[in-house]
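# Descriptive structure summary
The residues making up each chain are set out below.
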Amino acid sequence: NTIECDVNDALENAGSLDEFKANASNAMNDLISEAKEIKDTLGKETVHVVIHLFEGILETAVVYRSQDKARKDYEKRIIEAYGELVDEQHGKDEILMTEAEVVE
């Protein structure tokens, strides 16, 4: 569908100016709805979240668009908590990194 085709259809199917306006308005609303659906489907943004828990309680949560920046922050927080980059975290601090989807 294009706007031009929808306007032509609205004009061809109208018996009066008021009917044309109503048909064109409905066609435009349909196009807007379709565009919003496409945007919602394709435009979902994934972000990367670094979470710091202390004794199981949320200390901080930081959201990054860049996975590289999130990874650097994640590793930095582990080093700060444990003195080195460790594979397993055993202690009061727990640093997590995950993905999240931005919703409106």
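Residues numbered from 1 in each chain as written. Predicted model: local features only at pLDDT ≥ 70, side-chain atom pairs only at ≥ 80, totals over all residues. Heavy atoms only, no water.

## Re the nonpolar core
Note the cut-off: Side-chain atoms within 4.5 Å link the members of a nonpolar core, which is a set of buried Ala, Val, Leu, Ile, Met, Phe, Trp, Tyr and Cys residues. For every residue, the accessible area obtained with a 1.4 Å probe (protein chains only) is divided by the maximum for its type, and the residue is called buried under 20%, exposed over 50%, and partly exposed between those limits. Each helix is a run of DSSP H or I of at least 4 residues and each strand a run of E of at least 2, with the numbering of both proceeding from the N terminus. Whether two residues are in contact is decided by their heavy atoms, any of which lying within 4.5 Å being enough.
Formed by Val50, Tyr64, Ala70, Tyr74, Ile78 and Ile95, the largest nonpolar core amounts to 6 residues. Of the residues forming this core, the biggest block, 3 residues, is contributed by helix α3 (residues 67-82). With near-sequence residues (within four places) excluded, Val50 lies in contact with Thr60, Ala61, Val62, Tyr64, Ala70, Asp73, Tyr74, Arg77, Ile95, Leu96 and Met97.

## Digging into the sheet that holds strand β3 (residues 93-102)
Keep this limit in mind: Criterion used throughout: strands pair if DSSP finds at least two bridges between them. To obtain each axis, a line is fitted to C-alpha atoms, and for helices this fit is confined to the stretch in contact; angles are then taken between N-to-C directions over 0 to 180 degrees.
The strand order across the open sheet formed by 3 strands is β2-β1-β3, and the pairing between neighbours is antiparallel. The open sheet is flanked by β2 (57-64) and β3, the only strands paired with a single partner. Here the strands of the sheet are splayed against their neighbours by 25° on average, with no regard to which way each runs. Inspection of the sheet shows strand β1 (residues 45-54) paired to β3 by 10 bridges, in the antiparallel sense.

## Re the side chain of His52
This is how it is decided: Here a polar contact is recorded for every N or O atom pair within 3.5 Å, except that within protein the pair must consist of a potential hydrogen donor and a potential acceptor, and residues adjacent in sequence are included only if both atoms are side-chain atoms.
In this structure, His52 sits in strand β1. The buried category is assigned to His52, whose relative accessible area is 13%. Within polar-contact distance, the side chain of His52 engages the side chain of Asp93 at 2.6 Å.

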